[in-house]
Amino acid sequence: MKFDMKKAKDVEQKLDDVKGIDEIKDEVKDLIKMIKNSSLYTEKGAKLYKGVLLSGKPGTGKTLLARAIAGEAGVNFIYCSGSNFDEMYVGMGAKRVRELFAEARKNQPCIIFIDEIDSLMSKSRRFGMEHSSSRGTLNQLLAEMDGFEKNENIMVIGATNHEQSLDPAAVRPGRFDKKIHVPLPDVNGRKEILELYLNKIARDDKIDAKKIANMTPGFSGAEIQNLVNTAITQAVHEGRAMADLPAFEYARDRLMMGIERKKLSMTEKDRLNTAIHESGHAVACYFTEGAKKLYKATIVARGGSLGATYMEPDDSDMLSTTKIKCLAQIDTALGGHVAEKLFIGDKKVTTGCSSDLQ
Ligand SMILES: Nc1ncnc2c1ncn2[C@@H]1O[C@H](COP(=O)(O)OP(=O)(O)OP(=O)(O)O)[C@@H](O)[C@H]1O
Ligand SMILES: [Mg+2]
């Protein structure tokens, strides 16, 4: 098996390419210091990290960060994905793990990056459910890490979106004992990431990164990059010279609400019912204390729904919420059904509310 191996001089990414991760930047810098000056630590009797676990939602920049760590530390970098090990021939996983570490030993100092490491280290894998050969793969990985010699300069970095499903034996001290949670960017982080990608496209001077950052709570770095790319692509499709405000509006609606289904045929009656239903949400949202700010109500079908009502997401909700906000959310969700009851009649209410209840 060939691993994707990059010599230190060919790793292009640097820490500056990863934006909006101020919270964890110090930790990451310490890690780089340890890789670069390992003797500084070992001479004083400190044990080097053998394994580092990057966890966090999809698209938060874990893969990018791992490359940047290697790029910044100036070490060789081997990329592989946890799902690669057993995919082709059952029973080959353990052998591949041995080959991987042999390759790394030949190329010290070296970072082994295992993406999607959960597919290699999930609880189910070690304790039954899966056949014994895949268990063998994990055990081989742990054995390799346990067997690092003092003077070996290899660090394993794993990335996962499912930290809870990891086998406790794999993340115990002495193995993947250094954990770094890569968070979703906050509003300032989003602004930094936006600026990075806005600078790469032709765009209207009126585009304000701060404003777009405010409009996109919950977006990951990858989603922000996608937003910028969707905006410029749409502008070019429509023959405009640069990404302007309408292009960003389009991109945001497209990403938040799905593709417009212009061809979906709806009868006048469906349209009216949908309008009544969405108005119910909108009115409830607008008049309820504690509800989010109303953004847009539409009966343009997108994705799987005939219509939709959107509220401006709120950054403060990501950490915790309050009773009044929860109740307002329930009232808003029920608004569609209530409007149908009032304006269409109890017997003719539609199933449109089924998704509101989820
Ligand atoms: N913090 C960030 N700064 C700059 N660009 C980012 C950031 N986060 C994500 N991106 C962009 O999104 C792309 C995808 O991110 P990446 O693959 O690193 O995410 P990930 O966390 O590994 O996702 P997954 O869990 O799905 O593997 C990056 O290549 C980069 O272009
Ligand atoms: Mg990744």
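These figures come from a predicted structure and were not determined experimentally.

Colleague: I'd love a proper account of the sheet that holds strand E5 (residues 154-160), names of residues and values included.
Modeller: If you walk across this open sheet you meet the six strands as E1-E3-E4-E5-E2-E6, and the pairing is mixed. Since the sheet does not close on itself, it has two edges, and those belong to strand E1 (4-6) and strand E6 (178-181), each with one partner. Between one strand axis and the next, the sheet turns through 20° on average, direction left out of account. Note that strand E3 (residues 76-81) and strand E4 (residues 110-115) share six bridges and pair parallel. The residue bridging cysteine 80 from the neighbouring strand is isoleucine 114, located in E4. Against the sheet, helix H1 (residues 22-36) contacts strand E2 (51-55), E4, E5 and E6, and its axis sits at roughly 145° relative to E6.

Colleague: Would you mind going over the packing of helix H12 (residues 268-287) against helix H13 (residues 323-343) in detail, with residue names and values included?
Modeller: Running from N to C, H12 and H13 cross one another at 130°; their axes reach a closest spacing of 7 Å. Regarding the angle of H12 to H13, the classification is oblique. Judged by the sense of rotation from one axis to the other, the crossing of H12 with H13 is right-handed. In this structure, H12 contributes Ile276, His277, Gly280, His281, Ala284 and Cys285 to the contact, and H13 contributes Asp331, Thr332, Ala333, Gly335, Gly336, His337, Ala339, Glu340 and Phe343.

Colleague: I'd love a proper account of the pairing of E6, names of residues and values included.
Modeller: Alternating positions in E6 separate cleanly, Lys178 and Ile180 being buried on one face and Lys179 and His181 remaining unburied on the opposite face. Sheet topology note: the E2/E6 ladder contains four bridges and is parallel. Bridge assignment links leucine 53 to a residue of E6, and that residue is lysine 179.

Colleague: Please give an account of the site of ligand 1 that cites residues and values.
Modeller: Taken together, 18 residues lie near ligand 1, and Lys19, Thr63, Asn161, Tyr197 and Gln225 sit nearest. Contact distances for ligand 1 include 3.0 Å between an oxygen atom and a backbone N or O atom of glycine 61. Relative to its free-state accessible area of 630 Å², ligand 1 is covered by the protein chains to the extent of 78%. If you list the elements that add at least two residues to the shell around ligand 1, you get helix H3 (62-73), helix H8 (187-198) and helix H10 (221-237). Class assignment of the residues belonging to the shell around ligand 1 gives a composition of seven nonpolar, seven polar and four charged. Three or more residues apiece are contributed to the shell around ligand 1 by two domains, here domain 1 (4-181) and domain 2 (187-257).

Colleague: Summarise the packing of aromatic side chains; cite the residues concerned and give the values.
Modeller: This structure, assessed with the given rule, holds three aromatic pairs. Look at tyrosine 79 and phenylalanine 113: their rings are 5.8 Å apart centre to centre, the planes differ by 45°, and that puts the pair in the tilted class. Highlighted residues: tyrosine 79 in strand E3 and phenylalanine 113 in strand E4, separated in sequence by 34 residues. For phenylalanine 113, a relative accessible area of 0% corresponds to the buried category.

Colleague: Break down the environment of cysteine 326 for me, citing the residues and quoting the values.
Modeller: Among the secondary structure elements, cysteine 326 is positioned in helix H13. Of the residues examined, cysteine 326 reaches a relative accessible area of 33% and is grouped as partly exposed. For the pair cysteine 326 and lysine 292, spaced 34 residues apart in the sequence, the C-alpha separation amounts to 10 Å.

Colleague: An account of the pairing of E5 is needed here, citing residue identities and associated values.
Modeller: Most of E5 sits inside the fold, with seven of its seven residues counted as buried. Sheet topology places E2 next to E5; five bridges connect them, and they run parallel. Across the sheet, residue glycine 51 finds its bridge partner in E5, namely valine 156. Pairing geometry for E4 and E5, over five bridges, is parallel. Bridge pairing links isoleucine 114 to glycine 158 in E5.

Colleague: Can you break down a negative patch on the surface residue by residue, with the values?
Modeller: On the surface, Asp22, Glu23, Asp26, Asp30 and Asp186 cluster together to form a negatively charged patch. Locating aspartate 186 in the fold gives a position in the loop between E6 and H8. By relative accessible area, which is 41% here, aspartate 186 ends up partly exposed.

Colleague: How would you summarise the domain arrangement of the chain if you had to cite specific residues and measurements?
Modeller: When cut into domains, the chain gives domain 1 (4-181), domain 2 (187-257) and domain 3 (268-357). Here domain 1 and domain 2 have C-alpha centroids that lie 33 Å from each other. For the pair domain 1 and domain 2, the summed buried area comes to about 500 Å², and 59% of that belongs to carbon and sulfur atoms. For domain 1, the biggest contributors to the area lost against domain 2 are Lys19, Gly20 and Gly59; these three give 72% of the whole. Connecting domain 1 to domain 2 are three residue pairs in polar contact (both at pLDDT 80 or more). Its residues placed into classes, the side of domain 1 that touches domain 2 shows one nonpolar, three polar and three charged.

Colleague: Any chance you could break down the nonpolar core for me, citing the residues and the numbers?
Modeller: Residues Val28, Leu54, Leu65, Ile69, Ile111 and Ile157 are the most contacted members of the largest nonpolar core, which totals 28 residues. Among the secondary structure elements, those contributing two or more residues to this core are H1, E2, H3, E4 and E5. Setting aside its immediate chain neighbours within four residues, valine 28 contacts Leu15, Leu65, Ile69 and Ile180. Counting residues in each nonpolar core, the second largest holds 26 residues, with Val97, Leu138, Ala170 and Val171 among its members.

Colleague: Can you break down a nonpolar patch on the surface residue by residue, with the values?
Modeller: A cluster of nonpolar side chains, Leu327, Ile330, Leu334, Val338, Leu342, Phe343 and Leu357, forms an exposed patch at the surface whose accessible area comes to about 730 Å². Structurally, phenylalanine 343 can be placed in helix H13.

Calculation notes
- Residues numbered from 1 in each chain as written.
- Chains lettered and ligands numbered in written order.
- Predicted model: local features only at pLDDT ≥ 70, side-chain atom pairs only at ≥ 80, totals over all residues.
- Heavy atoms only, no water.
- Pairing = 2+ DSSP bridges.
- Helix = DSSP H or I, 4+ residues; strand = E, 2+ residues; numbered from the N terminus.
- Axes fitted to C-alpha atoms, helices over the stretch in contact; angles between N-to-C directions.
- Contact = heavy atoms within 4.5 Å.
- Parallel < 35°, antiparallel > 145°, perpendicular 65-115°, else oblique.
- Left-handed = near helix turned anticlockwise from the far one by under 90°.
- Buried < 20%, exposed > 50% of the residue type's maximum accessible area, 1.4 Å probe, protein only.
- Near = heavy atom within 4 Å.
- Polar contact = N/O pair within 3.5 Å; in protein donor to acceptor, adjacent residues only side chain to side chain.
- Areas by Shrake-Rupley, 256 points an atom, 1.4 Å probe, with all protein chains shown as cover.
- Nonpolar A, V, L, I, M, F, W, Y, C, P; charged D, E, K, R; others polar.
- Domains from an automatic or database assignment.
- Phe/Tyr/Trp six-rings, centres within 6.5 Å; stacked < 30°, edge-to-face > 60°.
- Patch = residues over 30% accessible without salt bridge, like charges linked within 9 Å, V, L, I, M, F, W, Y side chains within 5 Å.
- Salt bridge = Lys/Arg side-chain N within 4 Å of Asp/Glu carboxyl O.
- Lys, Arg positive; Asp, Glu negative; His and termini not counted.
- Charge placed at Lys NZ, Arg CZ, Asp CG, Glu CD.
- Buried area = accessible area lost by both parts, 1.4 Å probe.
- Core = buried A, V, L, I, M, F, W, Y, C linked by side-chain atoms within 4.5 Å.

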